[in-house]
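Observations on the model geometry
Listed here are the chains, written in short residue letters.
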Amino acid sequence: MSEVRTRFAPSPTGYPHIGGMRTAFYAWLLAKHYNGKFLLRIEDTDQERLVRGAIKQIVEGLAWFGVIPDEAPSNKELSEIGESWDGAPDIGGQYGPYIQSLRLPRYKEVAQQLIDSGHAYRCDCTPEMLERERNEQMARKELPGYSGYCRTRNVSAEKPHVVRFKMPAKVSLVLQDAVRGRVAWDNIPLRDSVLLKSDGFPTYHLAVVVDDHDMKISHVLRGEEWLPTTPLHLLLYEALQWEKPIFAHLPQVLGPDGKKLSKRHGATAYDAFRDDGYLPEALFNFVVLIGWSPGEGEEQEVFKIEEICRRFTLEHVNKAGGVFDYNKLAWMNGVYIRSLQPDDFVARVTPFLEKAGLKVDPQRFGAIAPHVQERIKLLTEAAPMVEFLFVDKIERDMQQMFKKDIDRAKARQILTLSLERLTKLEAFEIAPIEGVLRPLAEELGLKVGPMFGVLRIAVTGKTITPPLFESFAALGREKTLSRIEETVKLLE
RNA sequence: GGCCCCAUCGUCUAGCGGUCUAGGACGCUGGCCUCUCACGCCGGAAACAGGGGUUCGAGUCCCCUUGGGGUCACCA
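Thresholds, definitions, all that
Residues numbered from 1 in each chain as written. Chains lettered and ligands numbered in written order. Predicted model: local features only at pLDDT ≥ 70, side-chain atom pairs only at ≥ 80, totals over all residues. Heavy atoms only, no water. Helix = DSSP H or I, 4+ residues; strand = E, 2+ residues; numbered from the N terminus. Rg over C-alpha atoms; globule rule 2.2 N^0.38 Å. Buried < 20%, exposed > 50% of the residue type's maximum accessible area, 1.4 Å probe, protein only. Contact = heavy atoms within 4.5 Å. Areas by Shrake-Rupley, 256 points an atom, 1.4 Å probe, with all protein chains shown as cover. Lys, Arg positive; Asp, Glu negative; His and termini not counted. Charge placed at Lys NZ, Arg CZ, Asp CG, Glu CD. Disulfide = S-S within 2.5 Å. Pairing = 2+ DSSP bridges. Axes fitted to C-alpha atoms, helices over the stretch in contact; angles between N-to-C directions. Near = heavy atom within 4 Å. Nonpolar A, V, L, I, M, F, W, Y, C, P; charged D, E, K, R; others polar.

**Overview of the overall build of chain A**
Of regular secondary structure, chain A possesses 19 helices and eleven strands. Over its C-alpha trace chain A gives a radius of gyration of 31 Å, far above what one expects of a compact globule, namely 23 Å for 492 residues. Taking the principal axes of the C-alpha coordinates as reference, chain A spans close to 100 × 50 × 45 Å. Residues classed as buried in chain A amount to 50% of the 492 residues present. Intrachain contacts of chain A at a sequence separation of at least 6 include 75% that bridge at least 24 residues. Element-wise, carbon and sulfur atoms account for 50% of the exposed surface of chain A, whose accessible area totals about 23,600 Å². A gap of 4 Å separates the mean positions of the 65 positive and 69 negative side-chain charges of chain A.

Structural data, given as structure tokens:
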């Protein structure tokens, strides 16, 4: 097989969406699997919907997941359109520019070629005319679209115009799609689509065909929403007498309601996931598994990225859309968090603690971190669990101490005696702490559960914390004792 | 509405005619472990949308119905 070359070709019209990211992952995985090349191309042909900074977000978003294109817009290209930024990776490549607004002459050239060969024509119909035409067609319940009025009018190139494709009257086509198999259009009517807009920019249809051809793309991976316009693209390849790439129309990522995943489903931008405390490797693993599985009876679901790379082929890409299950993602994120090296976990979670307003003491946190690591699914969940270590004053809801076996007097007794025994400890460490507290429970005829509950609230203010002795040891003698003392006073 | 795509537990999926009394995972749930919460372990409920064919034999192939989705711009 000749070299596999795939591309991710987003239009910079907004934030990078997780569904779109998956398309990039698949394209990247396919290229890597076959030792090919993965490129990033910016499709900025809609000047009205451009969003400044979107390209940066796309590039950085991919990088966050470890997806680095082999070919992509160079810094020079970026600055030509005023979208460069500090620290932008200067990638480039021999098939550039990789930004469509920088390739306008090429599209014009191909459009002219199509006019010359009789496959396209200039059209100067006004939007008003088109609008009226469309309304009439709708009223007659016809297929809405351009009638072909200018086909034979030979509109001058001097006048403002668009270039339209001369669509055959009835079209029958067959596509061998790499994920869907045979897709056929049998004698369908199609209208003359615009190829080149009046502002000199190409439409998606022209640009994508020209660039995929020029950049020697071997596999076109895109969402299945593109399937209905594929006949146009196929016809374009034929009119140009270009070899077609392999098409793979990917199933969509759906929201919980079964509709295409979008903003209204909540967090879908990659940076929202990042801020919510998801690990990129977990998100990547999870998202790839919507619409692809290793097959072959494999029952494992958590894979290293290299492993996914090794096993990824189009054969096991599903046809049906898949719902994005936040629940399962959270579970998987927890699995990834637990598998982190302890110091790596500390490094990743510390920014989240700081963002929660905690002044983190590395010493104290390091002691308790492994216990936190095992208890959270999102990095954002760590802060409330260790807050007691890093604040001066804690809030306590005393009512939570009182259970069936424990009233106010009992709580005081527990705290007073604990304080007494703990104070006598030579080394304020985990084992010695346990050594005095457990016997005390027995002495008082209490189960450790309820008794430790009282101490937990007294010292941490929470009902959910890392293990008690470990928490005390991490907090240190002074603070632990003073908080117990404080609570005793509060109970009076 | 036209065209196109899709259809296995609530969700992600395995299954490529017999090994399926349909497997795994999330979630849910019963239990064990246990200082709270988690983790871990053991168990449970839960699916081939319906109807026709083809075949000795259909979750697996074909057709229809139903249901869902996408798309019909000088947006991608």
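Right, picking up where we left off after that structure.
**Considering the state of the cysteines**
One pass over the structure, following the stated rule, counts zero disulfides. C123 forms no disulfide, and the closest cysteine sulfur to it belongs to C150, at a distance of 3.7 Å. Sulfur of C150: no disulfide; nearest cysteine sulfur belongs to C125 and is 3.5 Å away. Classification of C150 as buried rests on a relative accessible area of 0%.

**Brief notes about the sheet that holds strand 3 (residues 120–123)**
Taken together, the three strands give an open sheet; going across it, the order is 3-4-7, and neighbouring strands pair in antiparallel fashion. Of all the strands in the sheet, just strand 3 and strand 7 (194–196) have a single pairing partner and so form its edges. Looking at each pair of strands side by side, their axes are set apart by 45° on average, direction ignored.

**Regarding the protein's contact with RNA strand B**
The local shell around RNA strand B holds 66 residues, among which R180, K259, G291, E301 and R375 are the closest. Counting only atoms of RNA strand B within 4 Å of the protein, the sugar-phosphate share comes to 72%. Elements that contribute at least two residues to the surface near RNA strand B include exactly strand 4 (162–165), strand 6 (181–189), strand 11 (322–323), helix 11 (326–338), helix 17 (448–460) and helix 18 (468–475). Partitioning the surface near RNA strand B into residue classes produces 25 nonpolar, 18 polar and 23 charged.

**Thoughts on the pairing of strand 4**
Residue alternation in strand 4 divides its side chains into two sets, V162 and R164 and V163 and F165, and both sets are buried. One ladder, built from four bridges, connects strand 3 with strand 4; its direction is antiparallel. In the sheet register, Y121 faces strand 4, and the bridge partner there is R164. As paired elements, strand 4 and strand 7 share two bridges and run antiparallel to each other. Pairing of R164 across the sheet is with V194, part of strand 7.

Function cannot be read off these values alone, since they describe shape.
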